[in-house]
2 protein chains.
Amino acid sequence: MKFLAAINVMPLKEILDPQGKAVTGSMKNLGLPEIQNVRIGRHITLEIEAETETLACKKVELACKNLLANMIMENFTFQLKII
Amino acid sequence: MKFLAAINVMPLKEILDPQGKAVTGSMKNLGLPEIQNVRIGRHITLEIEAETETLACKKVELACKNLLANMIMENFTFQLKII
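Residues numbered from 1 in each chain as written. Chains lettered and ligands numbered in written order. Predicted model: local features only at pLDDT ≥ 70, side-chain atom pairs only at ≥ 80, totals over all residues. Heavy atoms only, no water.

**Things to note about the sheet that holds strand β1 (residues 2–11) of chain B**
No. 1: Taken together, six strands build an open sheet; the order of strands is β3(A)-β1(A)-β2(A)-β2(B)-β1(B)-β3(B) and the sheet is antiparallel. Strand pairing shows two members of the sheet lacking a second neighbour, β3 (74–82) of chain A together with β3 (74–82) of chain B, which therefore form its edges. Averaged over all pairs of adjacent strands, the angle between strand axes in this sheet comes to 25 degrees, irrespective of strand direction.
No. 2: Pairing of β1 of chain B with strand β2 (residues 35–49) of chain B, which is carried by eight bridges, proceeds in the antiparallel orientation. The residue of β2 of chain B that forms the bridge with Phe 3 of chain B is Ile 48 of chain B.
No. 3: In the packing of helix α2 (residues 53–68) of chain A onto the sheet, the strands contacted are β1 (2–11), β2 (35–49) and β3 of chain A together with β2 of chain B, and the crossing angle to β3 of chain A comes to about 150 degrees.
No. 4: Contacts between helix α2 (residues 53–68) of chain B and the sheet are confined to β2 of chain A together with β1, β2 and β3 of chain B, with β3 of chain B contributing the most and set at about 150 degrees to the helix. (Pairing = 2+ DSSP bridges. Helix = DSSP H or I, 4+ residues; strand = E, 2+ residues; numbered from the N terminus. Axes fitted to C-alpha atoms, helices over the stretch in contact; angles between N-to-C directions. Contact = heavy atoms within 4.5 Å.)

**A look at the side chain of Thr 45 of chain B**
No. 1: Within the element layout of this structure, Thr 45 of chain B appears in strand β2.
No. 2: Beyond its immediate chain neighbours, meaning those up to four positions away, Thr 45 of chain B contacts Met 10, Asn 37, Val 38 and Arg 39 of chain A together with Ala 5 of chain B.

**Section: the pattern of salt bridges**
No. 1: Tallied over the full model, the rule gives eight salt bridges over all chains.
No. 2: One salt bridge connects Lys 59 of chain B with Glu 34 of chain A, and the closest N-O pair in it is separated by 2.5 Å. Taken together, the residues Lys 59 of chain B in helix α2 and Glu 34 of chain A in the loop between α1 (18–29) and β2 connect one chain to another.
No. 3: Two residues, Glu 74 of chain B and Arg 42 of chain B, come together in a salt bridge whose shortest N-O distance is 3.0 Å. Within this pair, whereas Glu 74 of chain B is found in strand β3, its partner Arg 42 of chain B is found in strand β2, the two being separated by 32 residues in sequence.
No. 4: Residue Arg 42 of chain B is classed as partly exposed on the basis of its relative accessible area of 24%. (Salt bridge = Lys/Arg side-chain N within 4 Å of Asp/Glu carboxyl O. Buried < 20%, exposed > 50% of the residue type's maximum accessible area, 1.4 Å probe, protein only.)

**Brief notes about the relation of the copies chain B and chain A**
No. 1: Each copy of the sequence occupies a distinct position, and chain B is placed on chain A by a rotation of 180 degrees and an axial shift of 0.0 Å, giving an RMSD of 0.0 Å. Such a turn and shift between the copies fits a two-fold axis. When C-alpha distances to the rotation axis are compared across chain B, the minimum falls at Arg 42 of chain B, with a value of 2.1 Å.
No. 2: Most of the interface of chain B is mirrored in chain A: 100% of its interface residues are interface residues there too. (Least-squares fit on C-alpha atoms with pLDDT ≥ 70 in both.)

**Considerations on the packing of aromatic side chains**
All names here are of chain A.
No. 1: The full count for this structure, using the stated rule, is two aromatic pairs over all chains.
No. 2: Here Phe 76 and Phe 78 contribute two aromatic rings whose centre-to-centre distance is 6.3 Å and whose plane-to-plane angle is 15 degrees, an arrangement assigned as stacked.
No. 3: Phe 76 sits in the buried class, given a relative accessible area of 16%. (Phe/Tyr/Trp six-rings, centres within 6.5 Å; stacked < 30°, edge-to-face > 60°.)

**Considerations on the packing of α1 of chain A against α2 of chain B**
No. 1: Running from N to C, α1 of chain A and α2 of chain B cross one another at 110 degrees; their axes reach a closest spacing of 11 Å. Between α1 of chain A and α2 of chain B, the interaxial angle falls into the category roughly perpendicular. Between α1 of chain A and α2 of chain B, the residues in contact are Val 23, Ser 26 and Met 27 of chain A and Ala 63, Leu 67 and Leu 68 of chain B, respectively.
No. 2: For the contact of α1 of chain A with α2 of chain B, the class distribution of residues is five nonpolar, one polar and no charged. (Parallel < 35°, antiparallel > 145°, perpendicular 65-115°, else oblique. Nonpolar A, V, L, I, M, F, W, Y, C, P; charged D, E, K, R; others polar.)

**Some remarks on the pairing of β2 of chain B**
No. 1: Taking burial as the measure, the 15 residues of β2 of chain B include eleven buried ones, the bulk of the element.
No. 2: Across eleven bridges, β2 of chain A lies against β2 of chain B in antiparallel orientation. Residue pairing for β2 of chain B: Glu 47 of chain A is matched across the bridge by Gln 36 of chain B.

Here it is in structure tokens:
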């Protein structure tokens, strides 16, 4: 079976997100001061071939932990769907 | 009311994603050749104060078009929830 994984990698809440802070500041200049607390991470989509959803899940987790996310500074969540 | 917006900004399908291509290649070295077609974009969360959901929606759209996404090379999707 082929699955599509949609992964979100975000900086941990405890960690300062300078890019997000800069964008929050820019929102004011854009006339949108009601936008606050912007945080910026990565959205990753990938296709994975696996026999079962459990197996696909494990492989995506492995890919996240070893390559896609820096577990010291970031956490990740993902969803799988069959394609 | 206060809303939390979760925005995904992704490179258009027609556009080459060199970062995604590089990661797809690395998956092989990681022992995960079953992962293919990696595409990498941005996941952005922000808080927005607005009277109605429709108004919040319009403001997030404005922020995306004017600052968060490059509409020539990227598209965006978002979801709002009340917090």
